[in-house]
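A closer look at the structure
Listed below, chain by chain, are the residues.
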Amino acid sequence: MTLGFRPPKDPEGFLDYARRLAGRYAFIEVPGSAAEALEGAALEARAMGYRLTFHARYLDLYPAALEPAIREASLRLLREDLDRAARLGAELVNVHAGSIPWTDYPPPGLSPAHEALREAARRLRQEALKRALEALAHLSRLALDLGVRLTLENLPAPQELPRTPEEMARFLEIPELYFCLDLGHAQMAGVPPEAFLEALGPRLIHVHAHANDGRYDLHLPPGPKALHPFALRPCTLLVELPPRGVEEYLEVHARLASAGLVPEATGGEEA
């Protein structure tokens, strides 16, 4: 595995993290929501020797939306992100497929009325997955033409998609598409990472590594045990933490190096 980090969304913070984490982390995932402001910093980081990946915008984007105008607007913004990522020299672009407009998820067996809600949610979800397949097929072909890989990420909430290994595996029919396993999202969905590894095989090339309490998406530092399955895998592994301080990234690397999962530090600035 190749280790990367998520930077702050301002150029000064981005480059401060890049300088202090050099020799420990090999790539930086550029956030699409701040990519325009970070373009110069990202190119400077490349000159420092970092590789780049790119996380496409996802807030208020619904590439599987029922309404065609919303779907096309979402695809237009994602196409813009693919173009920007290619100009930056990013290796891959990670995307979300969105969600369905549904909030009622009763457990099974309560009453016929509750079962009707469950059936309506199932039907909406299946229809949205079909639209997501069409959208991702279009985007992955564009990514191929631009020379970047497109990865689809698993999401944690019941209304989001795809959420399970079975849903992710439906997208294997798109030959140009690859996959991102978000460990924190899998934990919230109650699915072991091994199930995604088995379902997606070598097309799983990107990992988002963070931990939580199983209920909230806290983005806490991951431990070495959670990352052992990826140590010998040819993948990019993003330690995905909020900008609480670069020290968290230094500590994560030190723990992984102590466990023999990554090499010891070869540079960077301790303070």
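Attention in this report is confined to the structure presented alongside it.

Definitions and cut-offs
- Residues numbered from 1 in each chain as written.
- Predicted model: local features only at pLDDT ≥ 70, side-chain atom pairs only at ≥ 80, totals over all residues.
- Heavy atoms only, no water.
- Helix = DSSP H or I, 4+ residues; strand = E, 2+ residues; numbered from the N terminus.
- Pairing = 2+ DSSP bridges.
- Axes fitted to C-alpha atoms, helices over the stretch in contact; angles between N-to-C directions.
- Salt bridge = Lys/Arg side-chain N within 4 Å of Asp/Glu carboxyl O.
- Buried < 20%, exposed > 50% of the residue type's maximum accessible area, 1.4 Å probe, protein only.
- Contact = heavy atoms within 4.5 Å.
- Parallel < 35°, antiparallel > 145°, perpendicular 65-115°, else oblique.
- Left-handed = near helix turned anticlockwise from the far one by under 90°.
- Nonpolar A, V, L, I, M, F, W, Y, C, P; charged D, E, K, R; others polar.
- Expected span 1.5 Å × (residues − 1).
- Phe/Tyr/Trp six-rings, centres within 6.5 Å; stacked < 30°, edge-to-face > 60°.
- Lys NZ or Arg CZ within 6 Å of the ring centre and 35° of its normal.
- Right-handed = clockwise from strand over helix to strand, strands pointing away.

1. Notes on the environment of Gly214
Here Gly214 shows up in the loop between β7 (204-209) and α8 (224-227). Distance from Gly214 to Met188, taken between C-alpha atoms, is 4.5 Å for residues 26 residues apart in sequence.

2. So, the sheet that holds strand β4 (residues 92-95)
Strand pairing in a sheet relies on backbone hydrogen bonds. The paired strands run either parallel or antiparallel. Spatially, the 8 strands close up into a barrel ordered β1-β2-β3-β4-β5-β6-β7-β8, and their pairing is parallel. The sheet shows a mean angle of 30° between the axes of neighbouring strands, direction not considered. Pairing geometry for strand β3 (residues 51-55) and β4, over 2 bridges, is parallel. Bridging from a neighbouring strand, His55 pairs with Asn94 of β4.

3. A short note on the pattern of salt bridges
A complete count under the given rule lists 13 salt bridges for this structure. Of the charged contacts in the structure, one is a salt bridge between Glu39 and Arg84, with a shortest N-O distance of 3.0 Å. Linking Glu39 in helix α2 (residues 35-47) with Arg84 in helix α3 (residues 68-88), this pair joins segments that are 45 residues apart in sequence. Here Glu39 falls in the partly exposed class, since its relative accessible area comes to 26%. Close ionic contact of Arg244 with Glu248 constitutes a salt bridge, the shortest N to O distance being 2.9 Å. Members of the salt-bridge network, linked through shared partners, are Arg57, Arg76, Glu80 and Asp81.

4. Side note on the side chain of Ser74
Note on placement: Ser74 falls in helix α3. Ignoring sequence-local partners within four residues, the contact set of Ser74 consists of Leu61, Tyr62 and Pro63.

5. Digging into unusual backbone geometry
In this model, Leu161 is joined to Pro162 through a cis peptide bond whose omega is -10°. Tracing the backbone through its elements, the reader meets Pro162 in the loop between β5 (149-153) and α5 (165-170). With phi around 65°, Asp60 is a residue other than glycine that occupies positive phi space. Positive phi, normally seen in glycine, also occurs at His219, with a value near 55°. Tracing the backbone through its elements, the reader meets His219 in the loop between β7 and α8. According to the relative accessible area criterion, His219 is buried, its value standing at 11%.

6. Focus: the packing of α3 against helix α4 (residues 112-146)
Contact geometry of α3 with α4 gives a least axis separation of 10 Å together with a crossing angle of 25°. Put simply, α3 runs roughly parallel to α4. Both α3 and α4 take part in a crossing whose hand is right-handed. Contacts between α3 and α4 involve Arg71, Leu75, Leu78, Arg79, Leu82, Asp83 and Ala86 from the former and Arg131, Ala135, His138, Leu139, Leu142, Ala143 and Leu146 from the latter. Here the contact of α3 with α4 is built from residues that sort into 9 nonpolar, 1 polar and 4 charged.

7. A look at helix α9 (residues 246-258)
Counted at 1.5 Å a residue, the expected span for α9 with its 13 residues is 18 Å, and the 19 Å between its end C-alpha atoms agrees. All of the buried residues in α9 are Val246, Glu248, Tyr249, Leu250, Val252, His253, Leu256 and Ala257. Where α9 is buried, its residues touch β1 (2-5), α1 (11-21), α8 and β8 (236-239). Just past α9, the residue Gly260 takes up positive phi, approximately 80°.

8. Description of the packing of aromatic side chains
All told, the structure shown has 6 aromatic pairs when counted by the stated rule. Ring centres of Tyr25 and Tyr249 lie 5.7 Å apart, and the angle between their planes is 90°; on these two criteria the pair is classed as edge-to-face. A residue pair is termed long-range when its members are at least 10 positions apart, and Tyr25 in the loop between α1 and β2 (27-31) and Tyr249 in helix α9 qualify at 224 residues. Across this residue pair, the class does not change: Tyr25 and Tyr249 are buried. These aromatic residues form a ring-pair network of at least three members: Phe5, Tyr17, Tyr25, Tyr50 and Tyr249. The lysine or arginine in question, Arg149, covers the ring of Tyr178, its NZ or CZ lying 4.5 Å from the ring centre.

9. Structural notes on the pairing of strand β6 (residues 177-182)
In terms of burial, β6 is a largely internal element, 6 of the 6 residues being buried. Residues of β6 alternate between two faces, with Leu177, Phe179 and Leu181 on one and Tyr178, Cys180 and Asp182 on the opposite face, all of them buried. Examined bridge by bridge, β5 and β6 share 4 bridges and lie parallel to one another. By the bridge assignment, Leu150 is partnered in β6 with Leu177. Note that the unit made of β5, α5 and β6 has a crossover that is right-handed. Relative to β7, β6 runs parallel, the two being bridged by 4 bridges.

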